[in-house]
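Spelled out, the chains give:
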Amino acid sequence: MDHLYIDTPEALAELCAELRREDWLALDTEFLREQSYRPRLCLLQVANSHVIACIDPLALDIEPLLDVLYEPGITKVLHAAGQDLEIFTTLRGAPPTPIFDTQIAATVLGQGEQVGYGALVQTVLGLQLEKTQARTDWCRRPLNEEQLNYAADDVRHLREVYHAQRRQLDELGRAGWLAEDFAELADPARYTVEPDKAWRKVKGASRLKPAQLVVLQRLAAWREQRAVQLDKPRRWIIKDDPLLDLARQQPKNLDKMSHIRGLDAGLIKRSGGELLELMEKARAIPREQWPALPKGPRLSAAQEPLVDLGMALLRERCREQNISPGAVASRKDIEALLHGDDDELPLLHGWRRAVAGEALQRLFAGELSLAVRDGALEYSA
């Protein structure tokens, strides 16, 4: 094996000293959360130019390693970092910084939008990764050699992808494009759910009427708080479909509640009265305090072709830069730009503004024109 397995304090101390030798490290985690609200960390993988290691958090105190990860002089390289950073936020209240996410970098390098790690390794390095351990139980011990090799591969190749991407970003003059994206990824608020906003994550909430939505808000907040308290998945408390039906039907007694499909009888026995009281209080909330789904203004007949022109310009600008249009903006983003609802529009910030946002603003201001010449789209001032 070309990697270390770290399960003693002495080995961890030596590893931490080694990791401090460079200003970057590749990082990945293996975790389980099928039976819990919070992810359970089962393994950490790290690498730099000199070492690859798998660290066992079930066998030792990883605080010395966390001290290294939270050093601001060391860039932490991850792929699709969201779930990993959620784990570290749970451990220390905030993600480690600074971050470099190779999935985000891939979007501005023409390597794919939301590209998976295996596909990115194949694109950048020409290597085909094994997927034999994708469903392994990482909390079971001992881990065998095949499992550890699989886990180590996640950082073994990640470091090579990172250096290749850094070189390409420098060559294209895009090294500073991703600063805002990485800063947003490191925002602790991204990994905490406020109970009163939990309804936004309920699939199907957009189909409810406003008077039903206020009930869903209170029910979803109750479910979130109960899931946190018990450290159980939300779906183990109440699944989304019966939660929606509760908000839609708003039964007035336990008998009617028992007719809702998918609502566990044990839950009704334990918490049915509490839920009835919760719904009654929700119905008494004044209309002006009801939650509302965001609704943009409807396009006029004259504006529809303007959005079409905007989409054409977006695609052309992205073709020139070899970037996926979907990574820059959606049709709804362009509609919002046309309506002037652009205060928080990512299209007008960072690299997205450079790729297409500014050009789209100029188009809608009448400062750019589009034309077809020799079978291709052209734009000019």
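Before going into details, it helps to say that this report is about the structure given with it.

The rules behind these values
- Residues numbered from 1 in each chain as written.
- Predicted model: local features only at pLDDT ≥ 70, side-chain atom pairs only at ≥ 80, totals over all residues.
- Heavy atoms only, no water.
- Helix = DSSP H or I, 4+ residues; strand = E, 2+ residues; numbered from the N terminus.
- Buried < 20%, exposed > 50% of the residue type's maximum accessible area, 1.4 Å probe, protein only.
- Polar contact = N/O pair within 3.5 Å; in protein donor to acceptor, adjacent residues only side chain to side chain.
- Contact = heavy atoms within 4.5 Å.
- Salt bridge = Lys/Arg side-chain N within 4 Å of Asp/Glu carboxyl O.
- Lys, Arg positive; Asp, Glu negative; His and termini not counted.
- Pairing = 2+ DSSP bridges.
- Right-handed = clockwise from strand over helix to strand, strands pointing away.
- Arc of directions from axis to C-beta.

Now for the side chain of Asn48. Note that Asn48 resides in the loop between β3 (40-47) and β4 (52-55). For Asn48, a relative accessible area of 0% gives the class buried. Polar contacts involving the side chain of Asn48 include one to the main-chain carbonyl oxygen of Glu18, which spans 3.4 Å. If we ignore the near neighbours within four places in the chain, the residues touching Asn48 are Glu18, Leu19, Glu22, Trp24 and Arg159.

Let's shift gears to the pattern of salt bridges. Opposite charge on two side chains lets them pair, provided their charged atoms get close. All told, the structure shown has 23 salt bridges when counted by the stated rule. Arg20 is the partner of Glu71 in a salt bridge, and the nearest nitrogen-oxygen pair spans 2.5 Å. Pair noted here: Glu71 is in the loop between α2 (63-69) and β5 (75-78) and Arg20 is in the loop between α1 (9-19) and β2 (24-32), with a separation of 51 residues, a long-range link. Accessibility expressed as a relative area gives 25% for Glu71, which makes it partly exposed. Arg20 sits in the partly exposed class, given a relative accessible area of 41%. A salt bridge links Arg92 to Asp67, with the shortest nitrogen-to-oxygen separation between them at 2.7 Å. Of this pair, Arg92 sits in helix α3 (residues 82-92) while Asp67 sits in helix α2, placing them 25 residues apart in sequence. Residues participating in the shared-partner salt-bridge network are Glu304, Asp308, Arg331 and Glu335.

Below, the discussion takes up the side chain of Glu30. Here Glu30 lies in strand β2. Here Glu30 is buried and forms no salt bridge, its nearest opposite-charge partner Arg141 lying at an N-O distance of 10 Å. Of the polar contacts made by the side chain of Glu30, one reaches the side chain of Gln45; its length is 3.0 Å. One polar contact links Glu30 to Trp138, side chain to side chain, over a distance of 3.3 Å.

Let us now look at the environment of Thr8. By secondary structure assignment, the location of Thr8 is in the loop between β1 (4-6) and α1. What makes Thr8 partly exposed here is its relative accessible area of 30%. For Thr8 and Ile62, which are 54 residues apart along the polypeptide, the C-alpha to C-alpha distance reads 10.0 Å.

To continue, consider the pairing of β5. In β5, alternate side chains face the same way, and those of Thr75 and Val77 on one face and Lys76 and Leu78 on the other are all buried. Pairing of β5 with strand β6 (residues 99-101) involves three bridges; the strand directions are parallel. Bridging from a neighbouring strand, Val77 pairs with Phe100 of β6. Taken together, β5, α3 and β6 form a β-α-β motif whose crossover is right-handed.

For α1, the full list of buried residues reads Leu12, Leu15, Cys16, Glu18 and Leu19. Considered in projection along α1, the buried side chains sweep an arc of 160° and stay on one side of the axis. In this structure, α1 carries Glu10 and Glu14 as exposed residues pointing more than 90 degrees from its buried face. Elements that come into contact with the buried residues of α1 comprise β1, β2, β3, β4 and α2.

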